[in-house]
Amino acid sequence: MSTLLDKLWDRHEVLRREDGTSLLWVDRHLVHEGSHHAFAKLAERGLPVARPDLTFGVADHYAPTRRGVAQDPRIADMIDRLSANCARHGVPLFGLEDRRQGIVHVIGPEQGLTLPGLLINCGDSHTSTHGAFGALAFGIGATEVAHVLATQTVWQTRPRAMRITVDGTLGPAVTAKDIALNWIAQLGADGARGHAVEYAGSAVRSLSMEGRMTLCNLSIEGGARFGMVAPDAVTFDYVKGRPYAPDGAEWDRALADWAALASDPDAVFDREVHFDAGQIAPTVTWGTSPEQALPIGATIPDPARLPEGKAEAARAALDYMGLTPGRPLEGTPVDQVFLGSCTNARIEDLRAAAAVLAGRQARVPGMVSPGSMLVKRQAEDEGLDRIFTAAGLEWVASGCSMCVGMNGDLVAPGKRCASSTNRNFRGRQGQGARTHLMSPAMVAAAAVTGTLTDVRPLLQGRAA
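Figured I'd write up the structure that's included with this text. Just so it is clear, the structure is predicted and the values come from calculations on it, not from any experiment.

Some words on empty space enclosed by the protein
A complete count under the given rule lists 1 cavity of 30 Å³ or more for this structure. If you add up the space inside the largest cavity, you get close to 40 Å³. Lining the largest cavity, in full, are Val337, Leu339, Ala353, Leu357, Met367, Val368, Leu393, Pro440, Val443, Ala444 and Ala447. Broken down by secondary-structure element, the contributors of at least two residues to the lining of the largest cavity are strand E15 (336-339), helix H12 (347-357), strand E16 (366-368) and helix H15 (440-449). Here the lining of the largest cavity takes 4 residues from H15, the largest share from any one element. Per-class residue counts for the lining of the largest cavity are 11 nonpolar, no polar and no charged.

Following this line, the structure appears as structure tokens:
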């Protein structure tokens, strides 16, 4: 009667304190530029990295997307610090000169570092992405990063188990991003607080690994500690043959082990929620929290008609976003678009956007930043870059880029951006920036029309 959470947790528990807190073994520790605080703590105590062979450095948060252009020295310093720390401790690094460089939560799966059954940590909240493989994956803070570097373990309290089941068939142009925004809008930004979410149901099983990664990536925006999908043939087909994946006899043993990574039929969850995939439409955020999202055909909400607990937040969000209650969400003008991030910048995402943009001109400027340099090369081999640039969008290198703006890619104050990213908080993409979250195809539709737009009519007669 064990859930997938139980099975993964028990596999990694080294010991449990009287207060219930577990010391967990960490199989993969991914570190980016923000890890310099943790490395400094090691230096203060004269400690080495316990397992450099299980630690991997990735330059992404500060990575310049316009390579070869003079950078802010403060940004260059962050990347240099990561390089120096990795070299000092013998940690493999996917740096700017590495052809495999990219966003940490894209290249981990891409390289086969992410495997079913592993416990994966990174000092980044969207580490939950890796849960799509049936892994126990969650973000940790700077102090915890130092602890993992020094001991290859982490202290954690086991969350409660929650299952979100999505059954049925998704409609045209409805994606994993829409599934996620839909459940977060319905349950709230704290709807899964204190829980680990396992995604299940026929609609989830029909998703590609890219879609499952998007779904798990956004789990934390609904308050979850992390998200997971039990591995299956889709997972195994994706992993097989990747550089760090097992092969030969080890692959056969791994498959036998991974087959057990599923919740038992009689497993009991602390909370169960069900959704009908056929009722989900292309979804767009209108406010300053991912829970403030609606189907594209909806009207901007009137705070006076919302529950008291939601009304004040809605008023503040509408004021910041410059929106008028009662107006249609569709047709809201945008100033620019961004396609990128660990949520939606894999090859499947770029193909979906290109299917909308092919043969069309963007009415607003925009940037396309692939999730990794290998994705970038694959897209160029498929001619997707030429579709984006012919439409008038900028095709740049890989990095976290405009999702968080640490590298200088920013939305100007008061400007409205249609974005494939994961957070629409105040100032997330720049001070005063107004962010609308949506799927890559919806971002492309906004580029073509210059407004928030239902992508479905634009795909009629085209291969989506």
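Describing the pairing of strand E7 (residues 136-139)
Because side chains alternate across E7, one face comprises the buried residues Leu136 and Phe138, and the other comprises Ala137 and Gly139, equally buried. Pairing of strand E6 (residues 119-122) with E7, which is carried by 4 bridges, proceeds in the parallel orientation. Bridge pairing in E7 links Asn121 to Phe138.

With respect to the environment of Ala352
As for its placement among the helices and strands, Ala352 is situated in helix H12. As for Ala352 and Ser439, which are separated by 87 residues in sequence, their C-alpha atoms are 9.1 Å apart.

Considerations on the nonpolar core
Of all hydrophobic cores here, the largest spans 81 residues; its most connected members are Val166 and Tyr199. By residue number, the principal contributor to this core is helix H6 (residues 176-187), which donates 5 residues. Val166 has contacts with Ile179, Ala200, Gly201, Ser202, Ala203, Val204, Phe275, Ala277 and Ile280, leaving out every residue within four places of it along the chain. Membership of the second largest hydrophobic core comes to 46 residues, among which are Trp286, Ala317, Leu339 and Leu459.

A few points about the sheet that holds strand E19 (residues 434-437)
In space, the 5 strands of this open sheet follow the order E17-E16-E15-E18-E19, with parallel pairing throughout. If you trace the sheet from one side to the other, it starts and ends with strand E17 (394-395) and E19, each paired once. Note that E15 and E16 share 3 bridges and pair parallel. Paired with Leu339 across the bridge in E16 is Val368. Contacts between helix H11 (residues 308-321) and the sheet are confined to strand E18 (416-419) and E19, with E19 contributing the most and set at about 110° to the helix.

Remarks on the sheet that holds strand E2 (residues 21-25)
A sheet is described by the order of its strands in space; here 3 strands give the open sequence E1-E2-E8, paired in antiparallel fashion. The open sheet has two edge strands, strand E1 (13-16) and strand E8 (153-157), and neither has a second partner. For this sheet the average axis-to-axis angle between neighbouring strands, irrespective of direction, equals 25°. In this sheet, E8 lies alongside E2 in antiparallel orientation, the contact comprising 5 bridges. Residue Leu24 lies in a different strand from E8, and its bridge partner there is Val154.

Considering the pattern of salt bridges
One pass over the full model with this rule turns up 20 salt bridges. For Asp10, the salt bridge goes to Arg158, with nearest N and O atoms at 2.8 Å. Placement of the pair is Asp10 in helix H1 (residues 4-12) and Arg158 in the loop between E8 and strand E9 (160-167), with a sequence separation of 148 residues. Put simply, Arg81 and Asp77 hold a salt bridge, and the shortest N to O gap is 3.1 Å. Residue Arg81 and its partner Asp77 are located together in helix H3 (residues 73-89), separated by 4 residues, close to a single helical turn.

A few points about the packing of H12 against H15
It is at 8 Å that the axes of H12 and H15 come closest, and there the two elements cross at 30°. In terms of axis orientation, H12 runs roughly parallel to H15. Crossing of H12 over H15 shows right-handed handedness. Across from Asp349, Ala352, Ala353, Val356 and Leu357 in H12, the residues of H15 making contact are Pro440, Ala441, Ala444, Ala445, Ala447 and Val448.

Some remarks on the environment of Leu4
Inspection of the secondary structure assignment puts Leu4 in helix H1. Note on Leu4: relative accessible area 0%, which makes it buried. Residues Leu4 and Met228 lie 224 residues apart in sequence; the distance between their C-alpha atoms is 8.4 Å. Discounting chain neighbours no more than four positions away, the residues touching Leu4 are Glu198, Met228, Val229, Ala230, Leu261, Ala262 and Ser263.

With respect to the packing of aromatic side chains
On inspection of all chains with the given rule, the structure shows 6 aromatic pairs. The interplanar angle of 80° and the centroid separation of 5.6 Å between the aromatic rings of Phe56 and Tyr244 together place this pair among those described as edge-to-face. Here the residue Phe56 occupies a position in strand E4 (residues 55-58), and Tyr244 occupies one in the loop between helix H9 (233-239) and helix H10 (248-258), the gap between them amounting to 188 residues. Their ring planes at 85° and their centres at 5.5 Å tell us that Trp251 and Trp258 sit as a pair that is edge-to-face. Across this residue pair, the class does not change: Trp251 and Trp258 are buried. An aromatic cluster is defined as three or more aromatic residues linked by ring pairs; in this entry it consists of Phe236, Trp251 and Trp258. When the ring centre of Trp155 is taken as origin, the NZ or CZ atom of Arg17, which lies over that ring, is 4.5 Å away. Positioned over the ring face of Tyr238 is Arg242, at 3.8 Å from the centre of the ring.

What counts as what
- Residues numbered from 1 in each chain as written.
- Predicted model: local features only at pLDDT ≥ 70, side-chain atom pairs only at ≥ 80, totals over all residues.
- Heavy atoms only, no water.
- 1 Å grid on protein atoms, 1.4 Å probe; cavity = no way out; pocket = protein on both sides within 12 Å on 5 of 7 lines; lining within 4 Å.
- Points joined across faces, edges and corners; volume = space filled by probe spheres on them.
- Helix = DSSP H or I, 4+ residues; strand = E, 2+ residues; numbered from the N terminus.
- Nonpolar A, V, L, I, M, F, W, Y, C, P; charged D, E, K, R; others polar.
- Buried < 20%, exposed > 50% of the residue type's maximum accessible area, 1.4 Å probe, protein only.
- Pairing = 2+ DSSP bridges.
- Core = buried A, V, L, I, M, F, W, Y, C linked by side-chain atoms within 4.5 Å.
- Contact = heavy atoms within 4.5 Å.
- Axes fitted to C-alpha atoms, helices over the stretch in contact; angles between N-to-C directions.
- Salt bridge = Lys/Arg side-chain N within 4 Å of Asp/Glu carboxyl O.
- Parallel < 35°, antiparallel > 145°, perpendicular 65-115°, else oblique.
- Left-handed = near helix turned anticlockwise from the far one by under 90°.
- Phe/Tyr/Trp six-rings, centres within 6.5 Å; stacked < 30°, edge-to-face > 60°.
- Lys NZ or Arg CZ within 6 Å of the ring centre and 35° of its normal.

So, to be careful, I would describe these as geometric facts and stop short of saying anything about function.
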